[in-house]
Amino acid sequence: YYIQRQDFRWDRYEDKRGFIIPEYYKTFMNSVNKNGLSPYFILAYGHSMYYEHEDDGMTIKYKTPITQWQLDAWGDYCYNAAYDTKAYGAQTFEVWNEYNMDGSTFNPDRGTPQNYVNLLKTAYTNVKKVNSNAKVYAISAAYVTSGYTYTAYEWIEEVLKLLKNEKDKTGKTYMDAISFHIYTNYNIPETARK
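Residues numbered from 1 in each chain as written. Predicted model: local features only at pLDDT ≥ 70, side-chain atom pairs only at ≥ 80, totals over all residues. Heavy atoms only, no water.

Engineer: What is the right way to read the overall build of the chain from this model?
Structural biologist: Counting secondary structure elements, the chain contains 5 helices and 9 strands. Each helix and strand of the chain, ordered N terminal to C terminal, gives the series β-α-β-β-α-β-β-β-α-β-α-β-α-β. A burial count over the chain gives 45% of its 194 residues as buried. For the chain, the proportion of contacts with a sequence separation of at least 24, taken over those separated by at least 6, is 71%. Counting only carbon and sulfur atoms, one obtains 50% of the accessible surface of the chain, whose full area is about 10,500 Å². (Helix = DSSP H or I, 4+ residues; strand = E, 2+ residues; numbered from the N terminus. Buried < 20%, exposed > 50% of the residue type's maximum accessible area, 1.4 Å probe, protein only. Contact = heavy atoms within 4.5 Å. Areas by Shrake-Rupley, 256 points an atom, 1.4 Å probe, with all protein chains shown as cover.)

Engineer: Where do I start with the packing of helix α3 (residues 68–86) against helix α4 (residues 113–130) in this structure?
Structural biologist: If you want to describe how two helices pack, look at the angle between their axes and the distance between the axes. The contact between α3 and α4 brings their axes to 8 Å, and the two run at 35°. Crossing hand, α3 versus α4: right-handed. Contacts between α3 and α4 involve L71, W74, G75, C78, Y79, A82, Y83 and K86 from the first element and N118, L119, T122, A123, N126, V127, K129 and V130 from the second. Residue composition of the contact of α3 with α4, grouped by class: 10 nonpolar, 4 polar and 2 charged. (Axes fitted to C-alpha atoms, helices over the stretch in contact; angles between N-to-C directions. Left-handed = near helix turned anticlockwise from the far one by under 90°. Nonpolar A, V, L, I, M, F, W, Y, C, P; charged D, E, K, R; others polar.)

Engineer: What is the right way to read the side chain of H181 from this model?
Structural biologist: With respect to the helices and strands, H181 occurs in strand β9 (residues 177–181). A residue is classified by how much of its surface remains accessible, and H181, at 4% relative accessible area, is buried. In this structure, H181 is in contact with R5, E94, N97, E98, S140, A141, A142 and Y143, ignoring residues within four places of it in sequence.

Pasting the structure below:
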């Protein structure tokens, strides 16, 4: 089972007309399938239809869903993304990207572990409504040791602690696996330290 990881950005998928897969995502999915791979989509990033976002000319900092109204809209996005990509073989979804980097582009509102758990529960529930066999990867933590409220390991422990008592109707803790982005060396493999 080979996969290709790619963002499936909320702001590029939903507009005032509704949920429409952009052509470049269709091209990506068709290419992935043609090469014997399966798409692995990151469900992430805010949407300016639901709240303001910051743009400093270089990076757009999308606000994260916090209020119930925003979480409901996020849930609709997750449901429709899972539904519309199912025909292309999408079976694996990651919830957000590096939310543990509070104050960064990925979490400018400094959302807490509880905010992430709310995001995760909403995504998991809606993806599973469409495809009970889909895999939902959680936590998606960047490897950070300082500069943020939590180190990577503290973040993982805090989210797991919050999830411990949160179970869906099947007894699962709103995730099928953990994603941990442990990028510690930026050299190409041929020159990386051994």
